[in-house]
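Commentary on secondary and tertiary structure
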Amino acid sequence: METLNLALFVVEAIAYFVLMVTLLHFRHRLGLGVFLTALGVMHFMETYLAAVFYVSLPFGDVSPGSSVFFSGKLMMILMLYLQEDAATVRQPIYGLFLGNLLTVGIAWVLQLHQPLQMSTNHTPDVDFLKEMGWLMVWGTALLYVDSLGIILLYEKLGDFFRRRVVLRFLISGFVLLTFDQIGFFAALHYFLDVPIAAFWGGWKAKMLAVCLYAAMFAFYEYRIRRGGAAGSARSISDVFGDLTFRERYNDLLERTGRDMLTGVYDRTRMEVEAPLMLREALKQGLYATVLILDADHFKDVNDGYGHLQGDEVLKAIAARLGTTLRSSDRVFRFGGEEFVAVCPGTDHEEGLLLAERLRWTIATSVKTPDDRPVTVSIGVATADEDGVDFTAVLTAADGRLYAAKKSGRNCVVGRSVVKLS
């Protein structure tokens, strides 16, 4: 029986990963909301199973809810961060936390009712619902800490294992799920009197789940995502749609204001769109962060290898910006070797993390013909803390870019913060 349970454990982990990664992979076609909704719907089942459903495995008694589904959720959040950013990651966490608080509140109100006994076999258990609500609130609070921790640890591990993405993914999962097992099991023991003996079995199961998820992440990262599987063949209806006047008109409109060399938006379009983006973000009560990025010693590239090779470097930098930033962000060529990114819904700390990811990505993947790394310096400023209009925020970011250059280049400078390589 234990062997069968272990086989089912592996099948559950694989099925969860395949489903969620499929939704994440095709989020630009299906919408990110499909992935986030699926993530949220699983939360109640995870908590319920962690409270009452345990199976026997060779290394102890384990709940699939905690070891398979919650572990998978945390690793999915890290994958979401790698493909989007921290501003996107916080949305499902806030939503889960508020929804669980509402569950607890409703459970208290339901206690005031006098429910009818509609079936002799089913008696309403409001106390259990209330306990589940508090357990979910505690679990979501832990999830918030776990999510911040796994992102920060993943980034920090980049200082030691820059190119070993899967190893960083694996170590981050090991550390944060160990922390989570301690915190969540304490709540299980307090609210539901789950025996201490279940702690070690659950921890071992989470470590096994992380290994499974890391192996599948490696396959996805190197064989699917980087292999270009996202660009699947379009349907015939899409091809015919391209022949319509409306499609051609929209395509022409999209190309207007593009920099001919790099393909990003040009400075003229920045002067029109960027102020509107900042105003709209502030109107919605959101932050908006501006990054200004400059290639270090770019004149040496032009002088040493020629302007055509310099153009290739600029195109490579623009490509990294396009793959690292979110679809809601905008990248503009400011002039020469300078680029500006406008990131609505991103606060200053998130902007610093994003800028550091950009700096690291470019330094480790963009090379000169003799295989020397191309580095960038980045200044970061945020509305409304550094100003309420785009000109003021851009000026603040430009001043910090200058400070980054004076600090030795290849670094990120924000408000009183310098992050060196």
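Before reading on, note that the structure itself is shown above.
Only a predicted model underlies this, so the values are computations on that prediction, with no experimental measurement involved.

Regarding the overall build of the chain
A count of helices and strands for the chain gives 15 helices and eight strands. Across the 421 residues that make up the chain, the buried fraction comes to 48%. A sequence separation of at least 24 residues applies to 72% of the contacts in the chain between residues at least 6 apart. Total accessible area on the chain stands at roughly 20,900 Å², and carbon and sulfur atoms take up 63% of it.

Quick word on the nonpolar core
Soluble, globular proteins show a tendency: their nonpolar side chains are buried together. Counting residues in hydrophobic clusters, the biggest one holds 52 residues, and the most contacted among them are F35, M76, M79 and Y213. For this core, the secondary structure elements donating two or more residues are α1 (2-25), α3 (32-52), β1 (55-57), α4 (64-83), α5 (86-110), α6 (126-157), α7 (165-192) and α8 (197-225). Those residues in contact with F35 that lie beyond four places of it in its chain are M20, L23, L24, M76 and L80. Core analysis: the next-biggest nonpolar cluster, separate from the first, contains 28 residues, A316, I317, L352 and I362 among them.

Notes on the packing of aromatic side chains
In total, this model carries seven aromatic pairs according to the counting rule given. With centroids separated by 5.0 Å and ring planes inclined at 85°, the aromatic side chains of F199 and W200 adopt a geometry described as edge-to-face. Given a relative accessible area of 15%, F199 falls into the buried group. Given the relative accessible area of 52%, W200 is considered exposed. When the ring of W200 is compared with that of W203, the centres are 6.0 Å apart and the planes differ by 85°; the resulting orientation is edge-to-face.

Thoughts on the pattern of salt bridges
On inspection of all chains with the given rule, the structure shows 16 salt bridges. When the shortest N-O distance is used, the salt bridge between E273 and R330 registers 3.4 Å. Of this pair, E273 sits in helix α11 (residues 267-283) while R330 sits in strand β4 (residues 330-335), and the two are 57 residues apart along the sequence. Here E273 falls in the buried class, since its relative accessible area comes to 18%. By relative accessible area, R330 is classed as partly exposed at 25%.

Looking at the pairing of β4
Note that β4 and strand β5 (residues 338-344) share five bridges and pair antiparallel. Among the inter-strand pairings, F332 is bridged to a residue of β5, identified as V340. Linkage of β4 to β5, two consecutive antiparallel strands, is achieved through a turn of two residues, within which G336 is found at a positive phi near 60°.

Structural notes on the packing of α3 against α4
Interhelical geometry of α3 versus α4 gives an angle of 155° and a closest axis separation of 9 Å. Our classification of the angle between α3 and α4 gives roughly antiparallel. As α3 runs across α4, the sense of the crossing is left-handed. Along its contact with α3, which presents L32, F35, L36, L39, M42, H43, M45, E46, L49 and A50, the element α4 presents G65, S66, F69, F70, K73, M76, I77 and L80. Looking at the contact of α3 with α4, its residues break down into 13 nonpolar, three polar and two charged.

Quick look at the packing of α1 against α3
When two helices pack together, you describe them by how their axes are tilted relative to each other and by the distance separating the axes. Where α1 contacts α3, the two axes come as close as 8 Å, and the packing angle between them is 150°. Regarding the angle of α1 to α3, the classification is roughly antiparallel. Pair α1 / α3 crosses with left-handed handedness. Where α1 abuts α3, its residues Y16, M20, L23 and L24 lie against V34, F35, A38, L39, M42 and E46. Classifying every residue of the contact of α1 with α3 gives nine nonpolar, no polar and one charged.

About the cut-offs
Residues numbered from 1 in each chain as written. Predicted model: local features only at pLDDT ≥ 70, side-chain atom pairs only at ≥ 80, totals over all residues. Heavy atoms only, no water. Helix = DSSP H or I, 4+ residues; strand = E, 2+ residues; numbered from the N terminus. Buried < 20%, exposed > 50% of the residue type's maximum accessible area, 1.4 Å probe, protein only. Contact = heavy atoms within 4.5 Å. Areas by Shrake-Rupley, 256 points an atom, 1.4 Å probe, with all protein chains shown as cover. Core = buried A, V, L, I, M, F, W, Y, C linked by side-chain atoms within 4.5 Å. Phe/Tyr/Trp six-rings, centres within 6.5 Å; stacked < 30°, edge-to-face > 60°. Salt bridge = Lys/Arg side-chain N within 4 Å of Asp/Glu carboxyl O. Pairing = 2+ DSSP bridges. Axes fitted to C-alpha atoms, helices over the stretch in contact; angles between N-to-C directions. Parallel < 35°, antiparallel > 145°, perpendicular 65-115°, else oblique. Left-handed = near helix turned anticlockwise from the far one by under 90°. Nonpolar A, V, L, I, M, F, W, Y, C, P; charged D, E, K, R; others polar.

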